[in-house]
Structure formats: structure tokens, C-alpha cells
Amino acid sequence: MIPFDLLSPETGHPLKADGAHALRDVETGARWPVIDGIPYLRTGRDSLVASVLQHLDAGREVEALVLLLADQDDWWTGPPADPEALRRLIRERQNATLRQAVDWLGWGRVGDYFVNRWTDPTFLAGLSLLEAHWNSPACAFELACGIGQYLRELKRHGVKVAGADVVFAKLWVARHWVVGKAAQLFCFDATSPHWPIPEAPVDLAICNDAFYFLDDKPCVLSCLRQTAGEEGWLAISHIHNSGRPGFSAGKAISAAEIEELFPDGLVYDDAELTRALVEARAPQPREPRELRGCEAFSVVAGPGMRPAPRRIVDGITLPPAEAALRLNPLYRPDDGAFAIRWPSERYEAEYASLATYPLHSEGPAAIAWAGKADAPEADRVRRREYVDLPERW
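The shown structure was predicted, so the numbers you read here are calculated from the model rather than taken from an experiment. (Residues numbered from 1 in each chain as written. Predicted model: local features only at pLDDT ≥ 70, side-chain atom pairs only at ≥ 80, totals over all residues. Heavy atoms only, no water.)

Caption draft 1: Broad picture of the sheet that holds strand 15 (residues 360-361). Spatially, 13-14-15 is the arrangement adopted by the three strands of the open sheet, whose pairing is antiparallel. Sheet topology places strand 13 (331-334) and strand 15 at the edges, where each strand pairs with a single neighbour. Inspection of the sheet shows strand 13 paired to strand 14 (residues 337-340) by four bridges, in the antiparallel sense. Residue pairing in the sheet places Asp334 in a bridge with Ala337 of strand 14. (Pairing = 2+ DSSP bridges. Helix = DSSP H or I, 4+ residues; strand = E, 2+ residues; numbered from the N terminus.)

Caption draft 2: Representation of the packing of helix 2 (residues 61-70) against helix 8 (residues 168-178) in the model. Where helix 2 contacts helix 8, the axes come no closer than 6 Å and their chain directions differ by 115°. With respect to their mutual orientation, helix 2 and helix 8 come out roughly perpendicular. Of the residues in helix 8, those touching helix 2 at Leu65, Leu68 and Leu69 are Phe168, Ala169 and Trp172. Classifying every residue of the contact of helix 2 with helix 8 by side-chain character gives six nonpolar, no polar and no charged. (Axes fitted to C-alpha atoms, helices over the stretch in contact; angles between N-to-C directions. Parallel < 35°, antiparallel > 145°, perpendicular 65-115°, else oblique. Contact = heavy atoms within 4.5 Å. Nonpolar A, V, L, I, M, F, W, Y, C, P; charged D, E, K, R; others polar.)

Caption draft 3: The sheet that holds strand 1 (residues 15-17), seen in detail. Pairing is antiparallel in the open sheet, where four strands are placed in the order 1-2-3-4. Each edge of the open sheet is held by one strand with a lone partner, namely strand 1 and strand 4 (38-39). In this structure, strand 3 (residues 31-35) lies alongside strand 4, joined through two bridges in antiparallel fashion. Counted as the bridge partner of Val34 is Pro39 from strand 4. The strands touched by helix 1 (residues 46-57) within the sheet are strand 2 (22-25) and strand 3, with strand 3 carrying the most contacts at an inclination of about 60°.

Caption draft 4: Representation of the packing of helix 1 against helix 2 within the structure. Contact geometry of helix 1 with helix 2 gives a least axis separation of 7 Å together with a crossing angle of 160°. On the basis of their axis angle, the class for helix 1 and helix 2 is roughly antiparallel. In the crossing of helix 1 with helix 2, the sense of the turn from one axis to the other is left-handed. Together, Leu48, Ser51, Val52, His55 and Leu56 of helix 1 and Glu61, Glu63, Ala64, Leu67 and Leu68 of helix 2 make up the contact between the two elements. Grouping the constituent residues of the contact of helix 1 with helix 2 by class yields six nonpolar, two polar and two charged. (Left-handed = near helix turned anticlockwise from the far one by under 90°.)

Caption draft 5: Representation of the packing of aromatic side chains in the model. Summed over the entire model, instances satisfying the criterion amount to 19 aromatic pairs. The interplanar angle of 50° and the centroid separation of 4.6 Å between the aromatic rings of Phe123 and Tyr150 together place this pair among those described as tilted. Highlighted residues: Phe123 in helix 6 (residues 121-132) and Tyr150 in helix 7 (residues 149-156), separated in sequence by 27 residues. The class for Phe123 is buried, based on a relative accessible area of 1%. What makes Tyr150 buried here is its relative accessible area of 3%. (Phe/Tyr/Trp six-rings, centres within 6.5 Å; stacked < 30°, edge-to-face > 60°. Buried < 20%, exposed > 50% of the residue type's maximum accessible area, 1.4 Å probe, protein only.)

Below, the structure is given as C-alpha cells:
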């Protein structure tokens, strides 16, 4: 675990432990709640913070957790979570599956994306970006880490990991279903007056499929660069292109803005990264002006990045040798074969044309996985016809 020393997102003062369930600003005395080792450091949530601390101080951790699990980001348009479903999730978290957790949290179509994230083409593009410039980082930080899919892959390849997200429930799911206790996790707003982690440089700072949501992108990017330090690098994938309307509710940016934000960067078409993984080759960066028609950009930057992409044949894009693979769960029986059954029409519209797995499979026979890039089954793993999912998926 990376030993980050946290600062108050309001004042920038150091935070110190105040019992088992809180942090305290050493100068102002302001307190912030901590549950399951995850500090809640969102600004503009004063009444929520006060209520959660009141429950925690009185020993009512379940009620405090229900409040935090119901908290959402400003982009959320779905109904509020059902408190009774949240209490059931808390009671049954030791045995519940990830799919049950997502359902009880009331995440709807967002939950479809999370439970199928391991096979979607944007996730694979992010892995390809990392592997193409991989330099064996010792520690990594991910902004907007969601439920921790990238953190899981990094951790299992020997990297110490930390992640942050604006939604506490996503981090809590990451803790219990995806990355366990090995990751340091904290909840804060990327546009807080003070980042809680500015003085903790890491080898690699990443942000996947989320940068386009952020309001003050230059400020957030500056914080990410500071977190990466003078010897680290950045990997930012799936930044939606404002020149090509798509499915995102975020604030997409143009090729010209990419060039301005990343003068030191190598820029990729996100779809090119996905293709490179399937074809086991090095992806080809392009000039931003050549990518005005792409759906999304991906970028590496910073002094510590590998200056030229390498061929994608092993490493973080493939699971470790001990992984227990299973047939992509989107496959369902269909007249003796297995065909894709999409979780929703929206999911199909967004991903069907980019999916790396074939529409039909001979499954469900397990394949012997040796964790080797040149093994006969490696191509099926790169395509995510077979996938390495968490134990309680």
C-alpha cells in the first residue's frame, strides 16, 4: 500500500487520525469520516459529513454507511438508492456477488457497465495504453478509479496502488469485491480547493474514461502531473472527442484542446489501442489534428514515460498464469452455440461495433491458461472471449 499522508480538501492542512473512524484537521479541528479504511473527503457535503460522524461517534456504523453508499456524483440522473437494499447489502457483503452489490446499490445501466467492464473495448484500450509504454512502475495512483478494475490489474502485476473517486460506494465495492485491502482508497472531488495527496509523487498517475467529465481540466491535469512528480508519467485514456458526438454525458474536448493540454504527450485514437491489443502489435500514435474524427483520445505524457510504444504481447494486458479464466459472461446459449446477449440496447449501441470478442463462441469449455503470450489460447484471452473476473463476480 502507498503511504499517502492526506491533507484537508478545504484548507490543505494535514489530517491526522481521530480515533478509528475519523480524520481531524490539525489546525481547524474539522473532522472527516472514515469507513473500511476509506476517508470521505468531499467538499460541499457539510450536512452529510456531520450526520455520518454523528452516527459513527454513537457506534451506528451501519447507518453511517447507508448514508455514504447513497451519495452520488453530480452527473447522476437515476433514482436515489433504497435504504433497505443498502442495509441488506451491508448485512450480506461477505457472501454477495458483485452483481448483487451493484443491483442493491441501484446503479441501473451504470451497473451494467461496471460488471462488464473487464471485456469492454474502452477498458482494453486503457490496458493497451499502459502496456505500450510500460516501464515497471513501483507505485501508481488512479483518479476516478471506479470499482477498481485497473487497480486490480496493476496490483496483480506487482504495483503498489492507490485510487480515488468522487463516489464513496464505488470505492467501497472496490474494497470488498475487486481489490481488497491492498489498495489505499479515498473519496474526494478532483476539483476540491486542495487535493488531499499533492505531496506524494508516484511512478504512474492514470485516469481512465473519466477525464472528460471534469470541469477544470487544466487544474486537474496540473494536480495529476504533480502527483506523478518529476520522474513519473501519466496515462489518460478514453477522453471523449467533442468533434464526434457520442454517448457520454460528460464535457468532451477537441483535438486542439488535447494538443494544448498535452504538449509533451503521445496521442492515440482509443480504437487503435483496442485493435493493437487484439493484433498483438505496437499501437501507432498520431498528431491530434489527424484524430479529429475519432470517438475518443488516449494520451501518455510526462518525463518518465517510455518514449516509443512497444509491441503488446504480454504484461498487463494478459492475466497472470494463476488466473482462473471463464467464458465471457455476455455469451448465452443459443441453439447449441453461444451468442452475445447485450445487457441493454444502449450498451449494444455503444460497444457492439468495437467489441473484440466474436459474436458467437464454441464455449463454455474451460481453456488451460499458462499466462504466456505465445500460447495457443492467448488470442482468445486478448479478445476477451475468455476473461479473468473477480472471484465473487
